[in-house]
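Letter by letter, the chains look like this.
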Amino acid sequence: MDPRRAETGKNSDQIQSGHVYHLALDIGGSLAKLVYFTKNDEHIVGSEKKKSPMKASGISNSSRNSPVLNGRLNFKKFETSKINDCLEFINSMKLHLGAISFQMIAMVMNAGCQQPESPGSQTITIKATGGGAYKYADLFKEKFRISLDKEDEMDCLVAGANFLLETIHQEAFTYMGNQKQFVWIDKNDLYPYLLVNIGSGVGMIKVEGDGKFERVSGTSIGGGTFWGLGKLLTKCKSFDELLDLSYRGNNRAVDMLVGDIYGGMDYSKIGLSSTTIASSFGRAISENKERDDYKPEDIARSLLRMISNNIGQISYLTALRFGLKRIFFGGFFIRRHPFTMDTLSVAVNFWSKGEAKAMFLQHEGFLGAVGAFMSSDKHGLKELLANQKVERPPSKLSFSLDQTQVPQQDGELNGDESIECSVYGA
Amino acid sequence: MAGLSEKPQALGIDQESAEANKNSSSNKKSVHNRLLEKDKEEGGQGGDMSPSAGSSIKRSGSRPQLDVSKAEIQGNVEEKYPTILLPNQSDDLSHLALDIGGSLIKLVYFSRHEDQSTDDKRKRSVKERLGLSNGNRRSFPILGGRLHFVKFETRKINECLDFINSKQLHRGGAESPYADGATDGNAIIKATGGGAYKYTDLFKERLGVSLDKEDEMDCLVAGANFLLKAIRHEAFTHMEGQKEFVQIDPNDLFPYLLVNIGSGVSMIKVDGDGKFERVSGTNVGGGTYWGLGRLLTKCKSFDELLELSQKGDNRTIDMLVGDIYGGLDYSKIGLSASTIASSFGKTISEKKELEDYRPEDISLSLLRMISYNIGQISYLNALRFGLKRIFFGGFFIRGHAYTMDTISFAVQFWSKGEAQAMFLRHEGFLGALGAFMSYEKHGLDDLMVHQLVERFPMGAPYTGGKIHGPPLGDLNEKASDRNSKYLTSTSIIVTLSNSDFPTQISWMEKFLRKGTEITAPVPMTPAAGTTGLGGFDVPLSRGSSLRSDASALNVGVLHLVPTLDVFPLLEDPKTYEPNTIDLADPSELEYWFTILSEHLPDLVDKAVASEGRTDDAKRRGDAFARAFSAHLARLMEEPAAYGKLGLANLLEMREECLREFQFVDAYRSIKQRENEASLAVLPDLLMEIDSMDEETRLLTLIEGVLAANIFDWGSRACVDLYHKGTIIEIYRMSRNKMQRPWRVDDFDLFKERMLGTGDKKKPPHKRALLFVDNSGADIVLGMLPLARELLRRGTEVVLVANSLPALNDVTAMELPDIVAEAAKHCDTLRRAAEAGGLLVDAMINSSRSSKGKSSSVPLMVVENGCGSPCIDLRQVSSELAAAAKDADLIILEGMGRALHTNLNARFKCDALKLAMVKNQRLAEKLLKGNIYDCICKYEPAS
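Residues numbered from 1 in each chain as written. Chains lettered and ligands numbered in written order. Predicted model: local features only at pLDDT ≥ 70, side-chain atom pairs only at ≥ 80, totals over all residues. Heavy atoms only, no water.

- Looking at an unreviewed UniProt entry, one finds chain B named Pantothenate kinase 2, with Arachis hypogaea as its source organism.

**Side note on the overall build of chain B**
- Counting its secondary structure elements, chain B contains 29 helices and 28 strands.
- The buried share among the 942 residues of chain B stands at 62%.
- A separation of at least 24 residues holds for 76% of the contacts in chain B among residues at least 6 apart in sequence.
- Summing over all exposed atoms, chain B offers an accessible surface of approximately 35,200 Å²; the carbon and sulfur share of this is 49%. (Helix = DSSP H or I, 4+ residues; strand = E, 2+ residues; numbered from the N terminus. Buried < 20%, exposed > 50% of the residue type's maximum accessible area, 1.4 Å probe, protein only. Contact = heavy atoms within 4.5 Å. Areas by Shrake-Rupley, 256 points an atom, 1.4 Å probe, with all protein chains shown as cover.)

**Considerations on the overall build of chain A**
- Within chain A, the regular secondary structure consists of 14 helices and 16 strands.
- When each of the 426 residues of chain A is scored for burial, the buried share is 58%.
- Looking at chain A alone, contacts between residues at least 24 apart form 71% of all its contacts between residues at least 6 apart.

**Re helix α25 (residues 827–835) of chain B**
Residues and elements named next belong to chain B.
- Those residues of α25 that sit buried are T828, L829, A832, A833 and A835. Buried positions in α25, seen along its axis, are confined to an arc of 160 degrees and lie on one side of it.
- Positive backbone phi, at 75 degrees, marks G837, one or two positions downstream of α25. (Arc of directions from axis to C-beta.)

**A short note on the sheet that holds strand β6 (residues 172–176) of chain A**
Residue and element names in this part refer to chain A.
- If you trace the seven strands from one edge of the open sheet to the other, you get β7-β6-β14-β13-β8-β9-β10, paired in mixed fashion. At either margin of the open sheet sits one strand with a lone partner, and together these are β7 (179–182) and β10 (212–219). On average, each strand axis in the sheet is inclined to that of its neighbour by 30 degrees, with strand direction left out of account. (Pairing = 2+ DSSP bridges. Axes fitted to C-alpha atoms, helices over the stretch in contact; angles between N-to-C directions.)

**Quick notes on the domain arrangement of chain B**
Residue and element names in this part refer to chain B.
- Examined at the domain level, chain B breaks down into domain 1 (89–115 + 141–173 + 186–215 + 430–460 + 552–562), domain 2 (235–317 + 357–424), domain 3 (582–645) and domain 4 (668–840 + 855–939).
- Taken together, both faces of the contact between domain 3 and domain 4 bury some 1,100 Å²; the carbon and sulfur share is 54%.
- Of all residues in domain 3, the largest losses of buried area upon contact with domain 4 belong to Y591, W592 and H599, amounting jointly to 38% of the total for that side.
- Here domain 3 is connected to domain 4 by three salt bridges.
- One salt bridge connects R921 with E588, and the closest N-O pair in it is separated by 3.3 Å.
- In this assembly, domain 3 and domain 4 are joined by six residue pairs in polar contact (both at pLDDT 80 or more).
- For the side of domain 3 that touches domain 4, the per-class residue count stands at four nonpolar, three polar and five charged. (Domains from an automatic or database assignment. Buried area = accessible area lost by both parts, 1.4 Å probe. Salt bridge = Lys/Arg side-chain N within 4 Å of Asp/Glu carboxyl O. Polar contact = N/O pair within 3.5 Å; in protein donor to acceptor, adjacent residues only side chain to side chain. Nonpolar A, V, L, I, M, F, W, Y, C, P; charged D, E, K, R; others polar.)

**Comments concerning the pairing of β10 of chain A**
- Direction of pairing for strand β9 (residues 202–209) of chain A relative to β10 of chain A: antiparallel, over a ladder of seven bridges. Paired with G209 of chain A across the two strands is K212 of chain A, which belongs to β10 of chain A.

**Things to note about the pattern of salt bridges**
Residues and elements named next belong to chain A.
- Applying the stated rule across the entire model yields 61 salt bridges over all chains.
- Residue E208 pairs with K206 through a salt bridge whose shortest N-O separation is 4.0 Å.
- Under the relative-accessibility criterion, E208 is labelled partly exposed at 42%.
- Using a relative accessible area of 15% as the deciding quantity, one classes K206 as buried.

**Topic: the packing of helix α6 (residues 216–230) of chain B against helix α12 (residues 430–437) of chain B**
All names here are of chain B.
- At a minimum axis distance of 6 Å, the contact between α6 and α12 shows a crossing angle of 90 degrees. Classified by the angle their axes make, α6 and α12 are roughly perpendicular. Here α6 contributes C219, L220, A222, G223, A224, F226 and L227 to the contact with α12, which in turn contributes L430, G431, L433, G434, A435 and M437. (Parallel < 35°, antiparallel > 145°, perpendicular 65-115°, else oblique.)

**Focus on the state of the cysteines**
- The tally for this structure, following the rule as stated, stands at zero disulfides over all chains.
- Note on C156 of chain A: no disulfide assigned, nearest cysteine sulfur contributed by C86 of chain A at a separation of 16 Å.
- Residue C219 of chain B stays outside any disulfide, its sulfur separated by 16 Å from that of C160 of chain B, the closest cysteine. (Disulfide = S-S within 2.5 Å.)

**A few points about the confidence of the model for chain A**
Residues and elements named next belong to chain A.
- Per-residue confidence for chain A gives a mean pLDDT of 71, with 65% of residues at or over 70.
- Predicted confidence is poor over residues 42–65, with pLDDT under 50, and the contacts of this stretch with residues over four places away or in other chains come to 35 contacts.
- Under a pLDDT of 50 for its full length, residues 99–120 has, in the predicted model, 31 contacts with residues more than four places off or in other chains. (pLDDT = per-residue confidence, 0-100.)

**Observations regarding the packing of aromatic side chains**
- One pass over the structure, following the stated rule, counts 37 aromatic pairs over all chains.
- Residues F409 of chain B and F413 of chain B carry aromatic rings whose centres are separated by 5.9 Å and whose planes lie at 25 degrees to one another, so their mutual orientation is stacked. Of this pair, F409 of chain B and F413 of chain B both sit in helix α11 (residues 401–415), four residues apart, roughly one helical turn.
- For the pair Y591 of chain B and W592 of chain B, a centre-to-centre distance of 5.1 Å together with 85 degrees between the ring planes defines the contact as edge-to-face.
- Judged by its relative accessible area of 21%, Y591 of chain B falls in the partly exposed class.
- By relative accessible area, which is 5% here, W592 of chain B ends up buried.
- Site record: aromatic cluster; members linked through ring pairs are Y667, F711, W713, Y722 and Y731 of chain B.
- Stacked on the ring of F339 of chain A, the Lys or Arg R301 of chain A has its end atom at 3.5 Å from the ring centre.
- In this arrangement the basic side chain of R740 of chain B is found over the ring face of W742 of chain B, its NZ or CZ atom lying 5.2 Å from the centre. (Phe/Tyr/Trp six-rings, centres within 6.5 Å; stacked < 30°, edge-to-face > 60°. Lys NZ or Arg CZ within 6 Å of the ring centre and 35° of its normal.)

**Notes on the sheet that holds strand β26 (residues 889–893) of chain B**
All names here are of chain B.
- Across the sheet, seven strands lie side by side as β21-β28-β27-β26-β22-β23-β24; this open sheet has mixed pairing. Across the chains shown, the open sheet's two edge strands, defined by having one partner strand only, are β21 (744–745) and β24 (859–863).
- In the sheet, strand β22 (residues 767–771) pairs with β26 via four bridges, with the strands oriented parallel. Residue pairing across strands places L770 opposite I891, the latter belonging to β26.
- Each of β22, β23 (796–801), β24, β26 and β27 (910–916) touches helix α23 (residues 777–792); the most contacted strand, β26, lies at about 170 degrees to it.

**Structural notes on the environment of A419 of chain B**
Residue and element names in this part refer to chain B.
- Among the secondary structure elements, A419 is positioned in the loop between α11 and β16 (421–424).
- On the basis of relative accessible area, A419 is assigned to the buried category, the value being 11%.
- Linking A419 and H148, residues 271 residues apart in sequence, is a C-alpha distance of 33 Å.
- In contact with A419, not counting residues within four places along its chain, are Y379, V411 and Q412.

**Observations concerning the nonpolar core**
- Judged by nonpolar contacts, the single largest core of 120 residues is most densely connected at F624, I702, Y731, L781 and L799 of chain B.
- Shared between two domains, this core takes at least three residues from each, and those domains are domain 3 (582–645) and domain 4 (668–840 + 855–939) of chain B.
- Look past the residues within four positions of L799 of chain B in its chain and what remains in contact with it is L770, V772, L784, A787, L815, V819, L859, M860, V861 and V862 of chain B.
- Among the nonpolar cores identified, the runner-up in size contains 98 residues, and A284 and I334 of chain A together with Y289 and A419 of chain B belong to it. (Core = buried A, V, L, I, M, F, W, Y, C linked by side-chain atoms within 4.5 Å.)

**What about the interface of chain A and chain B?**
- Facing 64 residues of chain A, the contacting portion of chain B comprises 58 residues.
- Carbon and sulfur atoms supply 58% of the area buried between chain A and chain B, which totals about 5,300 Å² over both sides.
- The tally of links from chain A across to chain B stands at two salt bridges.
- The salt bridge involving R291 of chain A is made with E355 of chain B; its shortest N-O contact spans 3.8 Å.
- Seen at the junction of chain A and chain B, the total is 19 residue pairs in polar contact (both at pLDDT 80 or more).
- Within the residue set of the side of chain A that touches chain B, elements represented by two or more residues are α5 (132–135), α7 (153–167), β10, α8 (223–233), β12 (277–279) and α11 (296–321) of chain A.

**Here's the deal with helix α12 (residues 338–351) of chain A**
Residue and element names in this part refer to chain A.
- Given a rise of 1.5 Å per residue, 14 residues ought to cover 20 Å, and the 20 Å separating the end C-alpha atoms of α12 matches this to within 8%.
- Regarding α12, the residues found buried are P338, F339, T340, M341, D342, T343, L344, S345, A347, V348 and W351.
- Just downstream of α12, K353 is the residue with a positive phi angle, here 50 degrees. (Expected span 1.5 Å × (residues − 1).)

So, in structure tokens, the structure goes:
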């Protein structure tokens, strides 16, 4: 048995003691992601409403005698550098208090063993993952007396991906030449797969099942590199602005193409076309040009291609090494940005000579947070959703997007979305 | 360059040097004038000059290397290493290939130097006797010569064109076997690299040559295959700043992954010669580093950017695992806190602009990012195709330690230690070399490891066609009489009056009288007032000459010497390691560095005196001292600079350096003087020996060899003895009462083999190879009497001596004269020498009619193919290799050949190693003994 299983087992003891989690955090190097559950009507859970969800659910689960709450799973993200905004948000939404409410429900349900203390005086525990869960632990404690219960990042990531891929119908898709195509994945034929999580850095994880996974590779050239180099090279103020720029750029001005070296001829013998990038930024060595002489758009474009290409290549080689058929790309670097996805797809296609395809997840970026939210599945979410999937048309489960695919200027708004779902109260 | 170029005389160098050179070579010629002339006649008559006769270039045949006429110092003369341009240096025959890359042009050209054939009568007769066929093994002979490596910046392509033009490389040399008869108009140069297309017109226009484009990948692979097969220690690993050379069995080379890092990166799976496939690559390469680096810093050149990185700290730029996890290791997934989680991940900080980051840090971070990425992708590809070895080449690496370390680290990290990154010393020149190989008749295909010798002359143009070396400045004014102390420190030996000697006086006493001559100051012609010692510095201390590319390895000139062979009597050539002392140990290196540095003034003195202390000789002596000091300093800075280096290589480098500065034979007069003094007393010695019984005689002979080995100008201790005048006394003492047992004493074993025990007599050896050491007493009073004893016992004797001078070692050229002189007083020697074709006077008959007439076994002389005080038995002359075929006894004599090298060598036949240890440290380290201890190591054939 996987040792990680054992760890989760320990957590389930806590469930018995009646903790309920309402909010989960994934605090990465550059972005903090929130997943939280809200009831259908409103965010604030009052004790007088606690019975209605149970009625509404109409599900009698043999193994549990817990209430089922109908509501939405919400996704929100912040730049980690603006962690205070995130804290403010949590505060303003009283999200952390929601956890208490659940707890109280549980207590009532358990026929009141003890009186709940007043919310203000108690230290609350929230599931969190990502490196920032360690780094900002003190800050959370200090400001809101929230204690972050650190979940392993990789565990969360994989749990999140597995959950999304298994339960949500249109979660995975390919993206080539502006064509987005959903891929139906038989949940019985999902494993093993390679999960490439592109955050600040890139982690590559071989997933063989629930809780069965291994970090097999990775690269330090990731989203942080794009944003970091991009910030130094352009005057961009945000990651999204940089992405936006890249969309309008042309990498030919900056990259050395095969054609540049071979005087316009294809170097066909080795299967390289004249437009293949021979050397990223290889043209920027020109003596008479300074940084200001290059268009920021072109630089951003070249940077994006370099990084996407590289990730695509290493991912493919890693998948090949472990005999993995599918590569899923997740993490915030992608941001469902068409050009990024396209480049990654092209890279995988190029290096695999068409044999492998890059796949993406609708909820890229929130894998860790979803995983943390569901850690040890105390909400029974997975089971519930799996059941509901049989009962209800899956389309009803599809999430609603608050935004279009056009990147927005403000990263905070970007990616706010939610999934309609139900959870057990305890 | 300007300013100075108009008055080259400011350097004090003019045509005089060329004349001096002529003089020195004509001196040399006069000795063997007769032989050579005779040779020419015969060659003319017979018309049977063998094809290889012209290719008998010795492994050390590097003189004269520099044509210093019209030399210019470029740049600031005050600099430690100003660049010297030698416009008139030319090579006789050349052939050229180019690799024109995006940022650098690499040139490989071949030159055949003037053939200074020493194909004299002696050699001819030896060849006849040994049944040496003259290079008929091939349909066309490999030409001996040199491969030169030069690079230019592509943006300064005109400098490259000028260089080619000045050396007329594109003409290929009229006599070149490659020149397709076309010396003008439509000459063709093989070229590769993207620029081969781009600059076609420019080459046509400027030089009138067509570039024949060779496929880049073909060239790369051909070049790598050649280097890995032909150069013993071409590949090395680089971990934590330490280079370790790897010897690769040419038969177990394939398949491997070749990663060429240029502007972009190509990864090539190589299965054999011409069998390869580009399996991968990445667009994140050297161009990315330089391109991004240029945008992010104010660097003006790639090298500047690289240099910056050395002072960088990537923690301000990169997001480390520790940054994310608040300083905790993320040990669960095997990542330490210092692992880079995200390259440039920290530069997203809102408050900081580009200007707030140090360019050094940016450069380092960039370098790490790219190197690490290349290492990772390379490993994944090697794994994918099941390739054991990954070689990294291309100009991105540039010998830069950090780059290599990062790549190595990445490969090790991702392979969990199962794979190692390897690098090539000639990285960067793979393509050019491959293009060179694409000439139809380059003759390099069949070349074996043992036929290649790499030299590091100061005069070799390397970067931009410029020569980096010490300034050949005007030294006259600085000349001092620093060595006048030598003039006063005459012998302390009491000289007897010149009156009649009593007839009973022993040979030793006579020799003692000669002592005053031997220890007198070096004779010179004509005696000039000043010495040539002024003006050179004590070798630079470590660090003072550190350059940014300190860890970059020097690329030397490859000498192709087809006449070299592996010594056939080595028990296992594959595991044979000539050097006893490994200089990879820093303390060893430092010790020998000091020894060689301290020995330098005396060496320079001898060298300058050997040419009559002319102003030119002084100037060259000074330049030599600077050059060799620079070599030493370079080695202290980067011990791996010249490849895998043993003490033998270091000693040889000194000799080569002398030759480079046209000191043909620094110890000529000393050798002559000592030979004469010794020969004068030889008859008496022989008489004394002959009066002994067999057993005493053998012991006396061995003792004689050991004692006479003290006359060694290569040992600092002995040089001191010379200068103090006590050397003769020491010699007498050791000769008279040599304490047995010696430190290593297998004499009884040897005696048993020679004389047998009781009635059991063993048959004499059929042929003995005697590797001789020093001139003077060593050869005349030590080895010759021993040879004579062997001859008497019916054993053929082959004296093996250096091809070129090294210190006061006797050379194969000098031996016939010495033997002839000795033969005057000894019938045994005379008849044997006659039989061996050594006696010039007798030779006229001997070759025609004397066969069978002489009953004596022959005494022969062969050259060993070296010009070093040591010997690497993997690379000896084919003559020696042939002579070894019938040999069943080899005797190695002297420190250089029996101690510094070959002490641990095992042979297929009986081997006797004789030496006196003239170095305290060596005695302690190797033998737990003391200076002047003796070694008599006998190892019967296994």
